[in-house]
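# Structural features, examined
Chain residues, written in single-letter form:
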2 protein chains.
Amino acid sequence: MFESAEIGHSIDKETYDKEVPALREALLEAQYELHQQKRSAVIVLINGIEGAGKGETVKLLSEWMDPRLIEVRTFDNQTDEELAHPPAWRYWRKLPAKGRMGVFFGNWYSQMLQGRVHGVFKDAVLDQAINGAERLEKMLCNEGAVIFKFWFHLSKKQMKARLKALQDDPLHSWRISPLDWQQSKTYDRFVRFGERVIRRTSRDYAPWNIVEGIDPYYRSLTVGKILLEGLQAALNTPKPKARPSSAAPLPDVIDGLSLLDCLDMTQHLEKDDYQEQLITEQARLSGLMRDKRMRRHALVAVFEGNDAAGKGGSIKRVAAALDPRQYSIVPIAAPSEDERAQPYLWRFWRQIPGRGKFTIFDRSWYGRVLVERVEGFCTKADWMRAYGEINDFEEQLSNAGVIVVKFWLAIDKDTQLQRFQEREAIPFKRYKITEEDWRNREKWDLYRKAVCDMVDRTSTEIAPWTLVEANDKRWARVKVLRTINDSVEAAFEKRDKHDKKHKK
Amino acid sequence: MFESAEIGHSIDKETYDKEVPALREALLEAQYELHQQKRSAVIVLINGIEGAGKGETVKLLSEWMDPRLIEVRTFDNQTDEELAHPPAWRYWRKLPAKGRMGVFFGNWYSQMLQGRVHGVFKDAVLDQAINGAERLEKMLCNEGAVIFKFWFHLSKKQMKARLKALQDDPLHSWRISPLDWQQSKTYDRFVRFGERVIRRTSRDYAPWNIVEGIDPYYRSLTVGKILLEGLQAALNTPKPKARPSSAAPLPDVIDGLSLLDCLDMTQHLEKDDYQEQLITEQARLSGLMRDKRMRRHALVAVFEGNDAAGKGGSIKRVAAALDPRQYSIVPIAAPSEDERAQPYLWRFWRQIPGRGKFTIFDRSWYGRVLVERVEGFCTKADWMRAYGEINDFEEQLSNAGVIVVKFWLAIDKDTQLQRFQEREAIPFKRYKITEEDWRNREKWDLYRKAVCDMVDRTSTEIAPWTLVEANDKRWARVKVLRTINDSVEAAFEKRDKHDKKHKK
């Protein structure tokens, strides 16, 4: 796979000097045009052999192009904050906005390669990381990103010759970094696993470019031309190429019976029972959140439901059990300008709690497969692929110890009407009801179908949906609290069991 | 994910009886049409909970449709022969031909689920298996297959109730199989990992259908309708839907230097040296093939090269070292009718040697990215995706201990001309040269590009290409033999090291 990048490619100085001015001009022009269109973010991943010119090339790009629109990011040691979050969080927070370019050193590929080369894990785990990267990049591209992946290469002989030349030169021996020495020892493994990674992740939407690094003119000109070609292709595509979704079609059910039909909407609690159970569950939650085992977890609760189903009231009862420093409530409305300049899931990733913390989402990323689907705010391909993207997202949370609890608060159509009318009648509740609520009501059946599809596709062992019969608010509130408590307890117990097993 | 299949779906007998006749007729009609078109093979994968009606449904399908066009395959215990081959070999050999339907019980999903449920491996390895299945199915669909995946489901409660009912009934308690009892113990794990598998492998081209199994009418009608709909869709597609290849584009090199340019075509051996080295390497090969470590490996040698580059002569020198029972030579020409009714790689899978054996391919699966590409015998999407498919194929061989050695015998244009002319001049060699050889020669540069792309994409650590300077036949023959010997020795040593490490 690297054979063609070990044969001594080179460009003479004359050719280089002749070609560079036009290339620079074209690159700058493409960069400005991209910035104006604000349709795509550009992500450049820099990988490969130490000493093959990674740093020099990035430096050169910043000279050739406008550095104000370029963010160079290095991901080496994780900060405390990063360590308290799922691994991908650090990449999400550094994603360039649309119209800008992010150059990522020490990116996800560097992490997985280092881990494998140094034997932290085996091929199977490497393959998991590879698939994670593939899914991430596919999603980013579907969200309009343009990804360039460069592997700067040197053959073992070239690398050794370079090290020797530097070492023998008293003026330049300081240029040899600890990484260089490490690489010279692990070269074979690094290249072997690098090949596996490249082979599996080189895709039309985010291809790898293997660039022989020995000759600076060849290397720079090659990278410049690949960038230019890719940028121009992106600029000239009428819209960011939407890849066909590979999600399975949504099935029809021949007997017409749906999950929502099976809820017992007469469930209710008497006032006394309610007050007793509510306070019991609140006390339980309070205790669980202060349990020292909570330091290894975070908690996310998602509230979705019919309009007027009582999301707000339930959230209030949850919050009432806690110290305000322990939780935050994130209401989700239409995205801001900054949020629109990022991939869909970005604004949720931003709000993921660190270890020991609890975040309540009042509406959530499920907007994509509910309101955006029903109202046509995004294409079918977009919301169809969202099921898989959301499952990936929640799996990453779960793998990092985040407990994800998801509620759909269901009321029937009559109850909704009654509550709408009450809201309109009571002055201090009137702000709670808008024209939009009435319009949504007309799409009752469409929402119903969307909810069932959502549950079918995204209720997972990792992050199951809980359907809450919410005609009776008391019943709903207690069920919500109890479900959260049960989930947290189950997570603690699972971890205890795991710890016990590994202590043996 | 299974919630909607645990709510007691049912169809009354009257509706069922009314709908079945038309369904049967339509299914039969679709089946015959499919058989006539001979464009698609149908593969039906049967999975799910024991007792959810898997067997009954398949039985019913054989009644509803023409059983002569249906092959029901059960993959339970592996035969000796299957154990001597890579794991996927057993599926390949049982693939239905185009126009026919194969129903697979105990398929790849059953294997991976059993393995994970019983703790033979962990999630990472399960994920590898999942990805393998995904790639296999994608390839099959690209080759025209229509895949149906059914998960027959019962909730834990339903399953237990069924077992209890059978147990209490003296007339039917014998119906409970050991698998049923096993399932009742492992239900939770089975469903948990089943969900993971379904979530990751439900794709538009091969979606999972989760069917609640408790009511036979509902179950049968649902499966029948899904089959019918899928078959009709396949029949009415003008051509088997070619999915866009997601292979990365082939790069251009700015200095025009290619791997083939870097071969030293003046390499040669004097006659005496040749004879000595040839006999040495032949003796070495003979010894290696009789080494008892060979019993854990198989050997595959692939010969590709320019016309008249001396493939035949080299193969002869390799074979001369061996007992004819140890090896077989497979010449690859245009595919037969049976072969054309199968996916591209099928005819090569058939020829993969079992442990201890050696197969020499005189031309190979690389025809796809060489002659078929250059001559336009397949679409660009087909040969572009072949790089990845071939890498997957060879990785499966390698994982199973098959040593894969690949040669490109390169001669320069003048040498070819000279050999063509010689062949025409010498009567007993005249059969070796045809009009086609002269036509191929005109496409010299296209083949050259195809060869370089092939090496860039498919020369892997697992199965590297060896470019052989073949202007001098002696040099080429010795290099071929030595490379085979070195590869076999390296594989033995790697295995010894591995064994030693795991004995410690």
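Residues numbered from 1 in each chain as written. Chains lettered and ligands numbered in written order. Predicted model: local features only at pLDDT ≥ 70, side-chain atom pairs only at ≥ 80, totals over all residues. Heavy atoms only, no water.

### A few points about the interface of chain A and chain B
Threshold: For this analysis, residues touch if any pair of their heavy atoms sits within 4.5 Å. The term buried area refers to how much accessible surface (probe radius 1.4 Å) is lost by two components on association, counted for both of them together. Salt-bridge detection follows one rule: a side-chain nitrogen of Lys or Arg within 4 Å of a carboxyl oxygen of Asp or Glu. Whenever two N or O atoms come within 3.5 Å, that pair is a polar contact, provided that in protein one can donate a hydrogen and the other can accept it, and provided that, for residues adjacent in sequence, both atoms are side-chain atoms. In this text, helices come from DSSP runs of H or I with a minimum length of four residues, and strands from runs of E with a minimum of two, each type numbered from the N-terminal end. Each residue gets one of three labels, nonpolar for Ala, Val, Leu, Ile, Met, Phe, Trp, Tyr, Cys and Pro, charged for Asp, Glu, Lys and Arg, and polar for the others, Gly among them.
Counting from both sides, the interface comprises 52 residues of chain A and, opposite them, 51 residues of chain B. Note on chain A versus chain B: buried area summed over both sides is about 4,300 Å², and carbon and sulfur give 52% of it. For A:Arg196, the salt bridge is made with B:Glu395, and the minimal N-O distance between the two is 3.4 Å. Counting the contacts that link chain A with chain B gives 22 residue pairs in polar contact (both at pLDDT 80 or more). At seven residues, the largest contribution of residues to the side of chain A that touches chain B is made by helix α6 (residues 123–142) of chain A. Partitioned by chemical class, the residues of the side of chain A that touches chain B number 19 nonpolar, 15 polar and 18 charged.

### Some details on the sheet that holds strand β6 (residues 298–305) of chain B
All names here are of chain B. Applicable threshold: Two strands pair if DSSP finds at least two bridges between them. Axis lines are fitted to C-alpha atoms, over the contacting stretch for helices. Their N-to-C directions set the angle, which ranges from 0 to 180 degrees.
As summarised here, the arrangement of the five strands in space is β7-β8-β6-β9-β10, forming an open sheet in which the pairing is parallel. Edge strands, defined here as strands with exactly one partner in the open sheet, are β7 (327–331) and β10 (465–469). Taken pair by pair, the neighbouring strands of this sheet meet at an average axis angle of 20°, ignoring direction. Here β7 runs beside strand β8 (residues 358–362); their pairing, made up of five bridges, is parallel. Among the inter-strand pairings, Ser328 is bridged to a residue of β8, identified as Thr359. Set on the sheet, helix α18 (residues 444–458) makes contact with β9 (402–410) and β10; between it and β10 the angle comes to about 145°. Relative to the sheet, helix α19 (residues 473–503) contacts β6, β8, β9 and β10, its axis offset from that of β9 by approximately 160°.

### Quick word on helix α19 (residues 473–503) of chain A
All names here are of chain A. Convention followed: Any helix carries an expected span of 1.5 Å times its number of residues minus one. Categorising residues by exposure relies on relative accessible area from a 1.4 Å probe, with only protein chains included: less than 20% of the type maximum marks a residue as buried, more than 50% marks it as exposed, and the intermediate range marks it as partly exposed.
Counted at 1.5 Å a residue, the expected span for α19 with its 31 residues is 45 Å, and the 45 Å between its end C-alpha atoms agrees. If you check which residues of α19 are buried, you get Ala476, Arg477, Val478, Val480, Leu481, Thr483, Ile484, Asn485, Val488, Ala491 and Phe492. Taken together, the buried residues of α19 touch α10 (271–290), β6 (298–305), α11 (311–319), β8 (358–362), β9 (402–410) and β10 (465–469).

### Comments concerning the relation of the copies chain A and chain B
Worth spelling out the cut-off: Copies are brought into register by a least-squares superposition over C-alpha atoms of residues with pLDDT of at least 70 in both.
In screw terms, the move from chain A to chain B is a rotation of 180° and a rise of 0.0 Å along the axis, fitting with an RMSD of 0.0 Å. The two molecules are tied by a two-fold rotation axis, judged by turn and shift. Ranked by how close their C-alpha atoms come to the rotation axis, the residues of chain A are headed by A:Ala124, at 2.6 Å.

### Comments concerning the UniProt feature "domain: Polyphosphate kinase-2-related" (unreviewed entry) in chain A
Residues and elements named next belong to chain A. Put simply, the test is: UniProt positions are given in the numbering used here, feature names are shortened, and annotations may be inferred rather than shown by experiment.
According to UniProt, the positions carrying the feature "domain: Polyphosphate kinase-2-related" (unreviewed entry) are residues 11–234 and 269–492. As annotated, residues 11–234 has a helix share of 58% and a strand share of 13%, and its two end C-alpha atoms lie 27 Å apart. For residues 269–492, the end-to-end C-alpha separation is 29 Å, with 52% helix and 14% strand making up the annotated structure.

### Side note on the packing of aromatic side chains
Residue and element names in this part refer to chain A. Here is the rule we go by: The criterion for an aromatic pair is that two Phe, Tyr or Trp rings (for Trp, the six-membered ring) have centres within 6.5 Å, with stacked assigned to planes under 30 degrees apart, edge-to-face to planes over 60 apart and tilted to the rest.
Under the definition given, this model contains 46 aromatic pairs over all chains. On the numbers, 5.0 Å between centres and 85° between planes, the contact of Trp365 with Phe393 is edge-to-face. Residue Trp365 is located in the loop between β8 and α14 (371–374), and its partner Phe393 is located in helix α15 (residues 380–399); the two are separated by 28 residues in the primary sequence. Both residues of the pair, Trp365 and Phe393, belong to the buried class.

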